[in-house]
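Letter by letter, the chains look like this.
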Amino acid sequence: MFAELLHCITEKGLDHIAESILSYLDAKSLCAAELVCKEWYRVISDGMLWKKLIERMVRTDTLWRGLSERKGWCAYLFKGKHGETPKPNSFFRTLYPKIIGNIELIENNWRCGYHGLHRIQCQSENSKGVYCLQYDETRIVSGLRDNTIKIWDRNTLQCTQVLTGHTGSVLCLQYDDKVIITGSSDSTVRVWDVETGEMMNTLIHHCEAVLHLRFSNGMMVTCSKDRSIAVWDMTSPTDISLRRVLVGHRAAVNVVDFDDKYIVSASGDRTIKVWSTSTCEFVRTLNGHRRGIACLQYRDRLVVSGSSDNTIRLWDIECGACLRVLEGHEELVRCIRFDNKRIVSGAYDGKIKVWDLQAALDPRAPTGTLCLRTLVEHTGRVFRLQFDEFQIVSSSHDDTILIWDFLDAPLQENPALPVAGTYTYVGR
């Protein structure tokens, strides 16, 4: 019926309608459609439907978008570069399976622990250690134990700027396209121009070390060793005012995260507390960790936390239930991040572990299958990490920043055996 309808449409010269119908097909169906008849093959080719399929994937999937940028074929998509000769449909027909091959390779590299490794030696003169970091395509911004913020070029891995002003270790930071905001053991929060490095503002409120901060959409939340949480309104880099102080934890507040609904905090008092973002009123406490909590991330309904009881816990923020306990680290879990597929954790045992998030959320999944890989390269405590589909960037007490590259991993002659010098992993 469908084939007859499409045949009638093309017979009447309404190729644009046929193209519109066929453009909804996935790759497998598009392959099948090409084999139906020469007319269908022509419509698919003239309509550049393989290009449109790739463009649809790039628009809707971050892995495809990132891959298009890293491999360079984004230049041929959408309107393309000015003056670039358009590629024929056959180019995109051949490109599609190559992309699928790249994606399968990346997934296999994550599963098996195959990665390229790039190392930045921070060369701190006195106190060694990199407490915090954030990165993008062009830079890595790091906060160091020696009181400085160092900015590194992603391509050359050279230090391009050193920001000074804090009189204590830089314990936390976040930046966007306008500012870098840092918190320090000197009890201050400082605001810097992201391009020039000029110090624009200093916030003096906390009476002990500022341990963590987050900002978004005109709001910032900071937390401190003084057991308090401060909520700030950010009108501009130079106009930041204190909105509310949240008190309730009985020990240092080590980490905060928030969205439009909740502020989430975790403390050395072994608890996670949930507060309303709009009213700053207390909502509930999540209990379960047996020792202090060092790190967490919150997104949608899920909170993932790491503790000095050496475990990671997954929580439903709405009901307060602990969904899963992940065990495997041998010392305090210091940093944790997750996306839709994975949890990545770093600990004082010097190890980074990669966990299967979807399996961890399935109560039927056996505990022994949850840790996909343990990565060992740091020679000191792992303090902070960030990751995306292609890489992990981590920092440590060993004064290094490591970039673990799962896209351009060295080729494995025998995937079952590690190749000396290219990567290191240990079993679960």
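It should be emphasised that the depicted structure is a prediction, and the values quoted were computed from it without experimental measurement. (Residues numbered from 1 in each chain as written. Predicted model: local features only at pLDDT ≥ 70, side-chain atom pairs only at ≥ 80, totals over all residues. Heavy atoms only, no water.)

Chemist: Help me out: how do you make sense of the overall build of the protein chain in this one?
Modeler: Along the backbone of the protein chain there are eight helices and 29 strands. Out of the 428 residues belonging to the protein chain, those deemed buried represent 54%. If you take every contact in the protein chain between residues at least 6 apart in sequence, the share linking residues at least 24 apart comes to 47%. With an accessible surface of roughly 19,800 Å², the protein chain has 50% of that area assigned to carbon and sulfur atoms. (Helix = DSSP H or I, 4+ residues; strand = E, 2+ residues; numbered from the N terminus. Buried < 20%, exposed > 50% of the residue type's maximum accessible area, 1.4 Å probe, protein only. Contact = heavy atoms within 4.5 Å. Areas by Shrake-Rupley, 256 points an atom, 1.4 Å probe, with all protein chains shown as cover.)

Chemist: Would you explain the pattern of salt bridges in this entry?
Modeler: Throughout the structure, instances matching the rule amount to 18 salt bridges. Put simply, Asp 136 and Arg 139 hold a salt bridge, and the shortest N to O gap is 3.4 Å. Here Asp 136 matches Arg 139 in class, with each residue buried. (Salt bridge = Lys/Arg side-chain N within 4 Å of Asp/Glu carboxyl O.)

Chemist: What am I meant to see in the environment of Tyr 135 here?
Modeler: Among the structural elements, Tyr 135 can be located in strand 2 (residues 130-135). Residue classification places Tyr 135 among the buried residues on the basis of a relative accessible area of 7%. When neighbours within four sequence positions are excluded, Tyr 135 is seen to be in contact with Ile 140, Arg 154, Tyr 175, Gln 386, Phe 387, Asp 388, Gln 391 and Val 393. For Tyr 135, the side chain forms a polar contact with the side chain of Asp 388, separated by 2.9 Å. (Polar contact = N/O pair within 3.5 Å; in protein donor to acceptor, adjacent residues only side chain to side chain.)

Chemist: Even after reading the chapter, I still don't get the packing of helix 5 (residues 49-60) against helix 7 (residues 89-112), so can you show me in this structure?
Modeler: The relative placement of two packed helices comes down to the angle between their axes together with the axis-to-axis distance. Two elements in contact, helix 5 and helix 7, have axes whose closest approach is 7 Å; the angle formed by their N-to-C orientations is 40°. As judged from the angle between their axes, helix 5 and helix 7 are oblique. In contact with Leu 49, Trp 50, Lys 51, Leu 53 and Ile 54 of helix 5, helix 7 contributes Asn 89, Phe 92, Arg 93, Leu 95, Tyr 96 and Ile 99. Taken together, the residues of the contact of helix 5 with helix 7 sort by class into eight nonpolar, one polar and two charged. (Axes fitted to C-alpha atoms, helices over the stretch in contact; angles between N-to-C directions. Parallel < 35°, antiparallel > 145°, perpendicular 65-115°, else oblique. Nonpolar A, V, L, I, M, F, W, Y, C, P; charged D, E, K, R; others polar.)

Chemist: Explain the sheet that holds strand 27 (residues 391-396) to me, please; I cannot follow it from the model alone.
Modeler: Sheets are built from strands paired through backbone hydrogen bonds, the pairs being either parallel or antiparallel. Taken in spatial order, the four strands make up an open sheet running 1-28-27-26, and their pairing is antiparallel. Lying at the two open borders of the sheet, with one neighbouring strand each, are strand 1 (116-121) and strand 26 (382-387). Here the strands of the sheet are splayed against their neighbours by 15° on average, with no regard to which way each runs. Pairing geometry for strand 27 and strand 28 (residues 400-405), over five bridges, is antiparallel. Counterpart to Gln 391 in the pairing with strand 28 is Asp 405. (Pairing = 2+ DSSP bridges.)

Chemist: Looking at this structure, I do not really get the packing of helix 3 (residues 27-34) against helix 5. What am I missing?
Modeler: The interhelical angle for the contact between helix 3 and helix 5, taken along N-to-C directions, is 175°, at an axis separation of 11 Å. Taken together, helix 3 and helix 5 sit at an angle that is classed as roughly antiparallel. On helix 5, the residues that touch Ala 27, Leu 30, Cys 31 and Glu 34 of helix 3 are Leu 49, Trp 50 and Leu 53. Of the residues that constitute the contact of helix 3 with helix 5, the class distribution is six nonpolar, no polar and one charged.

Chemist: When you look at the side chain of Gln 391 in this model, what are you seeing that I'm missing?
Modeler: Relative to the helices and strands, Gln 391 is located in strand 27. Within the structure, Gln 391 has its side chain in polar contact with the side chain of Arg 154 (distance 2.8 Å). Reaching out from Gln 391, the side chain makes a polar contact with the side chain of Asp 388 at a distance of 2.9 Å. Those residues in contact with Gln 391 that sit more than four places away from it in its chain are Arg 70, Trp 110, Tyr 135, Arg 154, Gln 386, Ile 403, Trp 404, Asp 405 and Phe 406.

Chemist: Even after reading the chapter, I still don't get the nonpolar core, so can you show me in this structure?
Modeler: One broad trend across soluble globular proteins is that nonpolar side chains are buried collectively. Ile 54, Trp 73 and Ile 392 are the most contacted members of the largest nonpolar core, which totals 39 residues. With seven residues, helix 7 is the single largest residue contributor to this core. If you look at the next biggest cluster of nonpolar residues, it comprises 17 residues, including Leu 302, Leu 326, Ala 365 and Leu 370. (Core = buried A, V, L, I, M, F, W, Y, C linked by side-chain atoms within 4.5 Å.)

Chemist: I tried to follow the pairing of strand 16 (residues 271-276) on my own but got confused; where do I start?
Modeler: Within a regular beta strand, the side chains point alternately toward one face of the sheet and then the other, so they alternate between its two faces. With six of its six residues buried, strand 16 lies for the most part within the structure. Burial along strand 16 is two-sided: the face carrying Thr 271, Lys 273 and Trp 275 and the face carrying Ile 272, Val 274 and Ser 276 are both buried. Across five bridges, the pairing between strand 15 (residues 262-267) and strand 16 is antiparallel. Across the sheet, the residue bridging to Ile 263 is Trp 275, located in strand 16. The pairing of strand 16 with strand 17 (residues 282-287) spans five bridges and is classified as antiparallel. From the neighbouring strand, Lys 273 faces strand 17, where its bridge partner is Thr 285. The hairpin formed by strand 16 and strand 17 contains five residues between the paired strands, and Cys 280 there has a positive phi angle of roughly 65°.

Chemist: Whenever I open this one, the confidence of the model for the protein chain confuses me. Can you help?
Modeler: One rule of thumb: low pLDDT means the predicted coordinates there are not for detailed reading. Scored by pLDDT, the protein chain has a mean of 90; 90% of the residues are at 70 or more. When the criterion is pLDDT under 50, residues 416-428 qualifies, and its contacts beyond four places in sequence or with other chains add up to 30 contacts. (pLDDT = per-residue confidence, 0-100.)

Chemist: Any chance you could explain the pairing of strand 9 (residues 199-204) here in plain terms?
Modeler: One ladder, built from five bridges, connects strand 8 (residues 188-193) with strand 9; its direction is antiparallel. Within strand 9, the residue paired with Val 189 across the bridge is Leu 203. Linking strand 8 back to strand 9 in an antiparallel pair, the connection comprises five residues, with Gly 197 at a positive phi of about 80°.

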